[in-house]
Amino acid sequence: MSRIGRMPIDIPDGATVTLAEGNAVKVKGPKGTLEKTFDKAMSITVEGNQVLVTRPNDLKRNRALHGLTRSLIFNMVTGVTTGYTKELEINGVGYRAQKQGKKLVLSLGYSHPVEMQDPEGITTTIEGNKIVVAGINKEHVGQFAAEIRFKRPPEPYKGKGIKYVNEVIRRKEGKTGKK
């Protein structure tokens, strides 16, 4: 059995999980609502204040889907109750970020400012040289944070660019002169 797949998902107070036909799961909580349809091979049941995911047999595909399905439902429940955040840090002389309504304007050493519109359900805030991306969908928060980082990834010599707060950049030694 999958160690992750067989663990029950506790539904916290204030959250509700409803199942529809075709393995459509709807999770509603204080921060919002998320819906997702899962593979028909998995059987998803709500018992009391727990969600259980079981698989019909030990085929390789079903073993893989078992843990995945449980993890995705757990992420949905966590998202609507507490939400997700990713923090990015801007390093470099003259590199700045500003908010203009729902638009994130980045000055990253290019000849033009880079403008990014906040996607639906995602909010960005700026705290000094940090950009905080927040939302209820873990996948969308991570994707938008990766898109922001892609605009100017950190370089290995001085570490200039946009990096995740907990990311460690492997540094390289610069040029050495002739002897």
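Residues numbered from 1 in each chain as written. Predicted model: local features only at pLDDT ≥ 70, side-chain atom pairs only at ≥ 80, totals over all residues. Heavy atoms only, no water.

1. Some thoughts on helix 1 (residues 60–81)
Here is the rule we go by: Only DSSP runs of H or I covering at least 4 residues are called helices, and only runs of E covering at least 2 are called strands; the numbering of each starts at the N terminus. A helix is expected to span 1.5 Å for every residue after the first.
For helix 1, spanning 22 residues, the distance from its first C-alpha to its last is 33 Å, which sits close to the expected 32 Å at 1.5 Å a residue. Phi turns positive one or two residues past the end of helix 1, at Gly83, with a value near 85°.

2. Focus on the sheet that holds strand 8 (residues 96–100)
In plain terms, the rule: Paired strands, as defined in this entry, are two strands with at least two bridges between them according to DSSP. Only the stretch in contact is used when fitting a helix axis, every axis being a line fitted to C-alpha atoms; angles between N-to-C directions are given from 0 to 180 degrees. It only takes one pair of heavy atoms within 4.5 Å for two residues to be counted as in contact.
Here 3 strands make up an open sheet; going across it, the order is 8-9-10 and the pairing antiparallel. Two strands lie at the open edges of the sheet, namely strand 8 and strand 10 (114–117), each paired on one side alone. With strand direction ignored, the average angle separating the axes of adjacent strands in the sheet is 20°. Taken together, the 5 bridges between strand 8 and strand 9 (residues 103–107) define a ladder with antiparallel strand orientation. In the strand pairing of strand 9, Ala97 is matched with Leu106. Those strands touched by helix 2 (residues 138–150) are strand 9 and strand 10, and its axis lies near 170° from that of strand 10.

3. As for the pattern of salt bridges
A side chain with one charge can pair with a side chain of the opposite charge if their charged atoms come near. Let me state the cut-off plainly: Any carboxyl oxygen of Asp or Glu that lies within 4 Å of a side-chain nitrogen of Lys or Arg is treated as forming a salt bridge with it.
For the structure shown, the criterion picks out 6 salt bridges. Ionic pairing is found between Arg61 and Asp39, a salt bridge with its closest N-O pair at 2.7 Å. In this pair, Arg61 sits in helix 1 while Asp39 sits in the loop between strand 4 (32–37) and strand 5 (43–47), placing the two residues 22 residues apart along the sequence.

4. Quick notes on the pairing of strand 4
Note: strand 3 (residues 24–29) against strand 4, 6 bridges, orientation antiparallel. Across the sheet, residue Val25 finds its bridge partner in strand 4, namely Lys36. Here strand 3 folds back onto strand 4, and the loop between the two strands holds 2 residues.

5. A short note on the sheet that holds strand 6 (residues 50–54)
Spatial ordering of the open sheet is given by 1-6-5, a layout of 3 strands whose pairing is antiparallel. Strand pairing shows two members of the sheet lacking a second neighbour, strand 1 (9–10) and strand 5, which therefore form its edges. Two elements, strand 1 and strand 6, share 2 bridges in a ladder whose sense is antiparallel. Looking across to strand 6, one finds that Asp10 is bridged to Gln50. Packing against the sheet, helix 1 makes contact with strand 1, strand 5 and strand 6, and its axis sits at approximately 160° to strand 6.

6. Describing the side chain of Glu89
The test is simple: When a residue's accessible area, from a 1.4 Å probe over protein chains only, is under 20% of the maximum for its type it is buried; when over 50% it is exposed; and in between it is partly exposed.
Note on placement: Glu89 falls in strand 7 (residues 84–91). Overall, the relative accessible area of 17% leaves Glu89 in the buried class. Discounting residues that sit within four places of it in the chain, Glu89 has contacts with Asn129, Gly161, Ile162, Lys163 and Val165.

Interpretation in functional terms is not warranted from these geometric data alone.
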